[in-house]
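# Understanding the architecture of this molecule
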Amino acid sequence: MFYAKLAFQNIRKNKQAFLPFLLSMIFLTALNTLMLMVANDPGLAKLQGAEAITQLFGFGSVIVLIFSVVFATYTETILNKQRKNELGLYNVLGMGKRELYKLTFFEKVINLVTTVVLGVTSGVIFSRLAYLIIKKMMGIGSEFKFTLNPSILTLTILFIAGIYAWLYLINAFNIFKSDPIELLHAEQKGEKEPKAKWFLALVGLVTLAWGYWIALTIKSPVSAVTNFFIAVLLVIIGTYLIFTAGSIVVLKLLRKNENYYYNVKHFIPVSGMIYRMKQNAVGLASICILSTMVLVTVSTTAGLFFGANDQVQQAFPRDIMISSEKPLTKLKQVAKNYATKEDVKLSDMQYIRTSQSLLFTKKANDFKAADRMNYSVSNVDKAANVVLISLSEYNTLTKDSLSLTKSNEIFMYTTAQNYPEKTMILNGHKYQIKQQVNKLKDTGLLNTSPVDSYIVVMKDQKQIEELLKELYKTKETAAYLAPAYQLNFNIGLKDQAKRKAFIRGLSKEFAKTADKQWYSFQDKDSYRASVKRFDGGFFFLGIILGIAFLLATTLIIYYKQVSEGMDDRKRFVILQKVGMDEAEVKRVIHSQIMMVFIFPLAFAMLHVAFAFPLIKKMLVLFGITNWQLFLVVTLVVALIFSILYYIVYQLTARVYYRLVER
């Protein structure tokens, strides 16, 4: 019991060190409780698109679990550094390493019990709130209910207990290798001036520039996904090298600038930072990376969530879209008859015959046919989708009256941002582009494609068929010769219940009539519901991860301020004794803190600015092409984060001031 009482007293008296650690562990416990309860909710399995949604939350819960272990290890390391002097004193007063093992064991047990009780309780409470938020964001009905799952709570407690066991092993190892005298005088140990590592600084700059270059030069959304993690890794390596090596190089260059350095506002911060930048740099780089993760995660998921309407409208310009390789004239009549029977008005009806969506590899204006089944991912930046449509079909569809007098003339519509060429070469056949048209934008012919797409209007159907026979001569590619028929129309109903009932009835009528004909029946309402569920769940996950990363950023800043304050206290006392007044000390302190903490935020904003083009292309895979909306969302998220960062800075700066002025 002696060691238990002593452990409790240590925790109570060292609140400044233990309280942030306990709060972070309680938060991590609550976060894991919430994520595991949501990911394993039986109601999720009943939803449409349940597999993707459960995988999404399952992936999120795994990320939170990994983050919990990494961050708990980090906070334990910081806590051990702050307690070196205390453990050394116990050792000198007669406690051997065996007794210190017992003392730290009881400290961990007390912390574990506190963490589990408060963390699981708050996790259950916040889970109820989270369920309401998720239901609203994902548009889920009564099937998604809050259920207290004892097995999930047990799993969470075992996981947290495992983390504490890991932390105790770290603590025991530190005690095992420690020297009591060295521990006792740890804070008095001076640091050598670090050398200016020009080579590492240059490597960091090159690595960061390489990551930025990848983000700016990627052309297609598919290659954006494959290169995203490479760019992220390069930026992380570059950030750590620039902060650890590059910062010392910059500080030493500032010291050589006499006009800047020999100024009371700059002399003390620069000289102090040079001597302690080795340990500061890793913390500052971590703050920068975590800040970037908050900004990217939240802005990306928020962009998906708020861009859902554009995503739905681009994929479904009409309420009902039916496609087949055979004529849909029977189904067209069935739709009209059923609408008359149900007293529902159908509008904006389109009946289109085109070629299938054909894959080409393009270079400038030269397009060569490719086989989707054997297409290499390495060529995706050069890929293009091409749909062929006859002039008569185009005029009927758009109610236009365009004409083509020559067989080598075409009209063209493209989703590419820029196509300056006046000609188009399809497998050696050169066509003059008479005009680029825009009336095919809302036909649904291209839907959402991750690569540039082209609709080519040719003189007649015979010309299209001859070209297709020339392009696809083998048995493996014969399927591309079949035409594509599409029937699209809107439903004149606003009431959601009536719309769902009509769509279900229409689908059943089609099934009776179509016999053995293959066709695809899709409706906007179902797609909108699935998009809302996925994007809402993704946004919720982004908020959760953003909060977790923000907590990590806050605690790193807090621990940094505490350690900085303890190190700087004696130095500022000496400066006051040699003539610096209190106002000057405060100005110097403010200058030092601002210089340290604005740097990571500014760098994080720079990372996000360069990542924007890359993320913008990745969002195209989800049907988000409105980059202006994503830009606004990113700017709003950056503004909110900057305000929160400033609040954290102000709160933690007070801790620093109190320590320095004590």
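Scroll up for the structure.
To start, this report covers the structure provided alongside it. (Residues numbered from 1 in each chain as written. Predicted model: local features only at pLDDT ≥ 70, side-chain atom pairs only at ≥ 80, totals over all residues. Heavy atoms only, no water.)

On to a nonpolar patch on the surface, then. A cluster of nonpolar residues, Val632, Val636, Leu639, Ile640, Ile643, Leu644, Tyr646, Ile647 and Leu651, forms a patch on the protein surface that exposes about 830 Å² of accessible area. Mapped onto the elements, Tyr646 comes out in helix α19 (residues 627-661). (Patch = residues over 30% accessible without salt bridge, like charges linked within 9 Å, V, L, I, M, F, W, Y side chains within 5 Å. Areas by Shrake-Rupley, 256 points an atom, 1.4 Å probe, with all protein chains shown as cover. Salt bridge = Lys/Arg side-chain N within 4 Å of Asp/Glu carboxyl O. Helix = DSSP H or I, 4+ residues; strand = E, 2+ residues; numbered from the N terminus.)

Below, the discussion takes up helix α14 (residues 391-398). Taken residue by residue, α14 has Leu391, Tyr394, Asn395, Leu397 and Thr398 as its buried positions. The buried residues of α14 occupy one face: seen down the axis, they fall within an arc of 165°. Backbone geometry just downstream of α14 places Lys399 in the positive-phi region, at approximately 55°. (Buried < 20%, exposed > 50% of the residue type's maximum accessible area, 1.4 Å probe, protein only. Arc of directions from axis to C-beta.)

Turning our attention to the layout of surface pockets. Taken as a whole, the second largest pocket encloses approximately 1,500 Å³ of empty space. When contributions to the lining of the second largest pocket are tallied by element, the ones reaching two or more residues are α3 (50-82), α8 (198-217), α9 (221-256), α11 (264-306), α17 (524-577) and α18 (582-620). Among the elements that take part in the lining of the second largest pocket, α11 stands out by supplying nine residues, more than any other. Tallied by class, the residues present in the lining of the second largest pocket amount to 36 nonpolar, eight polar and no charged. (1 Å grid on protein atoms, 1.4 Å probe; cavity = no way out; pocket = protein on both sides within 12 Å on 5 of 7 lines; lining within 4 Å. Points joined across faces, edges and corners; volume = space filled by probe spheres on them. Nonpolar A, V, L, I, M, F, W, Y, C, P; charged D, E, K, R; others polar.)

In space, the four strands of this open sheet follow the order β2-β10-β1-β11, with antiparallel pairing throughout. In the strand order of this sheet, the two ends are held by β2 (346-354) and β11 (520-523), each with one partner. On average, each strand axis in the sheet is tilted by 10° relative to the strand beside it, whichever way the strands run. In this sheet, β11 lies alongside strand β1 (residues 320-324) in antiparallel orientation, the contact comprising four bridges. Note on β11: the bridge partner recorded for Ile320 is Asp523. Set on the sheet, helix α13 (residues 329-341) makes contact with β1, β2 and β10 (484-491); between it and β2 the angle comes to about 175°. (Pairing = 2+ DSSP bridges. Axes fitted to C-alpha atoms, helices over the stretch in contact; angles between N-to-C directions. Contact = heavy atoms within 4.5 Å.)

Picture the strands of a sheet paired through backbone hydrogen bonds; they go either parallel or antiparallel. The strand order β3-β4-β7-β8-β6-β9-β5 describes a closed barrel built from seven strands, whose pairing is mixed. Shown here is a sheet whose adjacent strand axes are inclined to one another by a mean of 40°, direction ignored. In this sheet, strand β5 (residues 383-390) lies alongside strand β3 (residues 358-363) in antiparallel orientation, the contact comprising four bridges. In the sheet register, Leu358 faces β5, and the bridge partner there is Val386. Sheet contacts for helix α15 (residues 461-471): β3, β4 (366-369), β5, β7 (423-426), β8 (429-436) and β9 (452-458); angle to β5, the most-contacted strand, approximately 145°.

With that settled, consider the side chain of Asn171. On the secondary structure map, Asn171 appears in helix α6 (residues 150-176). What makes Asn171 buried here is its relative accessible area of 2%. Setting aside residues up to four positions removed in sequence, Asn171 forms contacts with Glu76, Asn80, Thr104 and Lys108.

This part covers the packing of aromatic side chains. The description of an aromatic ring pair rests on the distance of the ring centres and on the angle between the ring planes. What the rule picks out here adds up to 19 aromatic pairs. Centroid distance Tyr212 to Phe610: 3.9 Å. Interplanar angle 5°. Geometry classified as stacked. Here Tyr212 is found in helix α8, whereas its partner Phe610 is found in helix α18, with 398 residues between them in sequence. Between the aromatic rings of Phe599 and Phe603, the centroid separation amounts to 5.3 Å while the plane-to-plane angle is 75°, which identifies the pairing as edge-to-face. Here Phe603 and Phe599 lie together in helix α18, a separation of four residues that amounts to about one turn. Given a relative accessible area of 13%, Phe603 falls into the buried group. Counting every residue linked through ring pairs, the aromatic cluster contains Phe360, Phe367, Tyr419 and Tyr454. (Phe/Tyr/Trp six-rings, centres within 6.5 Å; stacked < 30°, edge-to-face > 60°.)

Across the interface, helix α2 (residues 15-39) lies against α6 with an axial gap of 9 Å and an inter-helix angle of 145°. Crossing of α2 over α6 shows right-handed handedness. Between α2 and α6, the residues in contact are Phe21, Leu22, Met25, Thr29, Asn32, Thr33, Leu36 and Met37 and Ile152, Leu153, Leu155, Thr156, Phe159, Ile160, Ile163, Tyr164 and Leu167, respectively. Taken together, the residues of the contact of α2 with α6 break down into 13 nonpolar, four polar and no charged. (Left-handed = near helix turned anticlockwise from the far one by under 90°.)

Here we come to the pattern of salt bridges. Counting across every chain of the model gives six salt bridges. We note a salt bridge from Asp525 to Arg499, for which the minimum N-O separation is 2.7 Å. A residue pair is termed long-range when its members are at least 10 positions apart, and Asp525 in helix α17 and Arg499 in helix α16 (residues 496-513) qualify at 26 residues. When its relative accessible area of 11% is taken as the criterion, Asp525 is described as buried. Between Lys512 and Glu509 there is a salt bridge, with the nearest N and O atoms lying 3.5 Å from each other.

Summarising the sheet, β3 and β4 pair through four bridges and their orientation is antiparallel. Considered in β4, the bridge of Thr361 is made with Lys368.

As a packed pair, α13 and α16 sit with axes 10 Å apart at the nearest point and diverge in direction by 140°. Viewed along their axes, α13 and α16 adopt a mutual orientation that is oblique. As α13 runs across α16, the sense of the crossing is right-handed. From α13, Lys330, Leu331, Val334, Ala335, Tyr338 and Ala339 reach across to α16, where they touch Ala501, Phe502, Gly505, Leu506, Glu509, Phe510 and Thr513. Its residues assigned to classes, the contact of α13 with α16 comprises nine nonpolar, two polar and two charged. (Parallel < 35°, antiparallel > 145°, perpendicular 65-115°, else oblique.)

To continue, consider α15. Looking only at α15, the buried set comprises Gln463, Ile464, Leu467, Leu468 and Leu471. Projected down its long axis, α15 shows its buried positions confined to an angular sector of 130°, all on one face. Residues of α15 that are exposed and angled more than 90 degrees away from the buried face: Lys462 and Lys469. The inward-facing, buried residues of α15 contact β3, β4, β5, β7, β8 and β9.

Inspection of the secondary structure puts Thr147 in the loop between α5 (97-138) and α6. Remark: the alpha-carbon pair of Thr147 and Val38, spanning 109 residues in sequence, is separated by 9.6 Å. Apart from residues no more than four positions distant in its own chain, Thr147 is found in contact with Met37, Asp41 and Pro42.

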